Amino acid sequence: MLPAEVLEVLDVVRRHNTWRKFECINLIASENTMSPLAKALYVNDMMHRYAEGKPGKRFYQGSIFIDILETRTSDLLAKLFNVRFAEVRAISGSIANAIAFRSFASVGDVALVPALQSGAHISHTEFGVLGALGIKHVEMPFDLDSWNIDVDKAVKLIESIKPRIVVLGASLYLFPHPTKPIAEAAYSVGARVVHDVAHVLGLIAGGVWPNPVHEGADAVTASTHKTFPGPQGGLILTNREDVYKLVSNNVLTFVSNHHIHRLAATAVTAIEMMHFGSAYADQITRNARAFAEELASQGLPVVAENLGYTKSHIVAIDVRKFGGGAKIAKLLEEANIIANKNVLPWDRPQDAPNPSGIRFGVQEMTRFGMKEGEFKEIAKLIADIIVRGAEPSSIRRKVVELRKDFVKVHYGFDLPEDLGKKTIYEFIEMGI
Ligand SMILES: *Cc1c(COP(=O)(O)O)cnc(C)c1O
């Protein structure tokens, strides 16, 4: 008999899995689910190993197969994103940013970044990674009419303050930031451009979002687990050999072991995106649009209406008049609809605990096979709660019912029949 403490650990994992995998509609924009094959490969002996340094130039012995896998993973990602270099050792998007920022700037330097209230990630700011590196930030102005960085004002700022780095990309990312004009201005003053596509990496893989490497960014940083449906991890892409060398040399500053077991799953996910990425990304954009339109017609203020709401997987609503984001996110959770409160451009710093917005992402439910019809259903259930004051527990029953038919991962590889489940489990067992 296992000790009670162990049973408690098992129980809490079982309850989490049942709730989040089978009973919730997950609309957190930064999450996803791996395919059955990627999941099976995720658990392997590499999770116990070190492989500091680069393939062929490690500090320890024992990485013969890790070297093959890491090189292959990096080649696959470079091919998928049509770039010359992919650095796969950052263990998260924030760490990828840290590596890129450290590569380009030193203590006391200035970085020009998107404003936090307009969707920037905390790691872009003095309150996060950037600040921890001693780099100061100055915010770029945001233009509400185009729901984007105000290019003219940003260019003037670049020319006047001459930053070391200009950062693009966001966590509330509805429309692509304009890499080209910003990069031109940045290069004219000797600044480097880091475009953080953590949220939209899967959309880039599927060809529905521009790849900033091709528009002139020095380095593109990302997470591998948001719209790109791989294991949690980070990625840096570049076409410039000098940048790749610089970035690679800085990896060891931030990670010693790089969570090597995730690489097999990352590689498989990259191959899945080569096969299914365009259908997956296309469905995401259709679902996001249908979802936004239905939310709006149900009486919810969806942001960026004049621009067609969104070009990504994200839809944001302004719930100020319904009590604010904190209250609404909690009510939705009671109905098993999982989303997060989010600041919107008009919020002040002191509004952060109860900001104006709710952010939704359609990518994970799209991967579970939901289409426009289901997203319209979900929009109605959300409006039942927010607009019509329905009891969340009564909606929860409908959510559980709706989720029942969408538990199988699409756009990815199953455990192959000829390999057989037994073989996969033996493989895992052998791996551990
Ligand atoms: C999520 C996010 C990150 C951080 O990624 P992690 O993998 O969670 O560290 C960085 N930048 C942006 C824009 C993000 O949205």
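Here, the structure is the one placed above.
Conventions and cut-offs
Residues numbered from 1 in each chain as written. Predicted model: local features only at pLDDT ≥ 70, side-chain atom pairs only at ≥ 80, totals over all residues. Heavy atoms only, no water. Pairing = 2+ DSSP bridges. Helix = DSSP H or I, 4+ residues; strand = E, 2+ residues; numbered from the N terminus. Axes fitted to C-alpha atoms, helices over the stretch in contact; angles between N-to-C directions. Contact = heavy atoms within 4.5 Å. Polar contact = N/O pair within 3.5 Å; in protein donor to acceptor, adjacent residues only side chain to side chain. Buried < 20%, exposed > 50% of the residue type's maximum accessible area, 1.4 Å probe, protein only. Right-handed = clockwise from strand over helix to strand, strands pointing away. Phe/Tyr/Trp six-rings, centres within 6.5 Å; stacked < 30°, edge-to-face > 60°. Near = heavy atom within 4 Å. Parallel < 35°, antiparallel > 145°, perpendicular 65-115°, else oblique. Left-handed = near helix turned anticlockwise from the far one by under 90°. Expected span 1.5 Å × (residues − 1).

## Here's the deal with the sheet that holds strand β15 (residues 340-342)
The strand order across the open sheet formed by three strands is β13-β16-β15, and the pairing between neighbours is antiparallel. On the outer flanks of this sheet lie β13 (314-318) and β15, each paired with one strand and no other. Averaged over all pairs of adjacent strands, the angle between their axes in this sheet comes to 35°, without regard to strand direction. Judged from the three bridges that link them, β15 and strand β16 (residues 357-361) form a sheet pairing that is antiparallel. What sits directly across from Lys341, in β16, is Ile358. Along the sheet face, helix α10 (residues 262-297) touches β13 and β16 and points at about 15° away from the line of β13.

## Concerning the sheet that holds strand β10 (residues 192-196)
Strand order in the open sheet made by the seven strands is β4-β12-β11-β10-β9-β5-β6, with mixed pairing throughout. Edge positions in the sheet fall to β4 (85-87) and β6 (136-140), since each of these pairs with one other strand and no more. Along the sheet, successive strands turn relative to each other by an average axial angle of 25°, direction set aside. Its contacts with the sheet place helix α4 (residues 93-104) against β9 (165-168), β10, β11 (219-223) and β12 (234-238), and it is angled at close to 160° to β11.

## Section: the side chain of Arg89
By secondary structure assignment, the location of Arg89 is in the loop between β4 and α4. Among the polar contacts listed, one links the side chain of Arg89 to the backbone oxygen of Gly53, at a separation of 3.0 Å. Reaching out from Arg89, the side chain makes a polar contact with the side chain of Glu87 at a distance of 2.9 Å.

## Digging into unusual backbone geometry
At His259, a position not held by glycine, the phi torsion is positive, near 50°. With respect to the element layout, His259 can be found in the loop between α9 (241-254) and α10. Its identity is not glycine, yet Ala304 carries a phi of approximately 60°, on the positive side. Residue class for Ala304 comes out buried when judged on its relative accessible area of 9%.

## Describing the pairing of β10
Burial of β10 is extensive: four of the five residues sit out of reach of the surface. Alignment of β9 against β10, held across four bridges, turns out to be parallel. For Leu168, the partnering residue across the bridge sits in β10 and is His195. Tracing the backbone out of β9, into helix α7 (residues 179-188) and back to the parallel element β10 gives a crossover that is right-handed.

## Re the packing of aromatic side chains
Any pair of aromatic rings gets described here by the distance separating the centres and the angle formed by the planes. Taken as a whole and judged by the stated rule, the model has ten aromatic pairs. For the ring pair Phe85 and Tyr244, a centre distance of 4.7 Å and an interplane angle of 10° mean the geometry is stacked. With Phe85 in strand β4 and Tyr244 in helix α9, this residue pair connects regions lying 159 residues apart in the sequence. With respect to class, Phe85 is no different from Tyr244; both count as buried. Geometrically, the ring pair formed by Phe291 and Phe375 is edge-to-face, given 5.5 Å between the ring centres and 65° between the ring planes. One end of the pair, Phe291, is in helix α10; the other, Phe375, is in helix α13 (residues 372-386), and 84 residues separate them in sequence. For the pair formed by Phe291 and Phe375, the shared burial category is buried. Ring pairs connect the aromatic residues Phe142, Trp147 and Trp346, which therefore count as one cluster.

## Describing the site of the ligand
Taken together, 14 residues sit near the ligand, with Gly93, Ser94, Ser171, Asp196 and Lys226 positioned nearest. Ser92 has a polar side-chain atom sitting 3.0 Å from an oxygen atom of the ligand. In the environment of the ligand, an oxygen atom lies 3.4 Å from a nitrogen or oxygen atom belonging to the side chain of His199. Tallying contributions element by element places α4 first for the shell around the ligand, with three residues.

## As for the packing of helix α6 (residues 151-161) against α7
Put simply, α6 and α7 touch, their axes get as near as 9 Å, and they point 15° apart. Taken together, the axes of α6 and α7 lie roughly parallel to each other. As for the relative orientation of α6 and α7, their crossing is right-handed in sense. Contacts between α6 and α7 involve Val151, Ala154, Val155 and Ile158 on the former and, on the latter, Pro181, Ile182, Ala185 and Ala186.

## Description of the pairing of strand β5 (residues 110-114)
Of all five residues making up β5, four are buried, and the element is well covered by its neighbours. Relative to β6, β5 is paired through five bridges, and the arrangement is parallel. By the bridge assignment for β6, Val110 is matched with Lys136. Judged from the two bridges that link them, β5 and β9 form a sheet pairing that is parallel. Across the sheet, the residue bridging to Ala111 is Ile165, located in β9.

## Quick look at α4
Residues three or four positions apart in an α-helix share a direction because the helix packs 3.6 residues into each turn. Look at α4: 17 Å from first C-alpha to last across twelve residues, which is about the 16 Å you get at 1.5 Å a residue. Burial in α4 covers these residues: Gly93, Ile95, Ala96, Asn97, Ala98, Ile99, Ala100, Phe101, Ser103 and Phe104. Contacts from the buried residues of α4 go to α5 (129-132), β9, β10, β11, β12 and α9.

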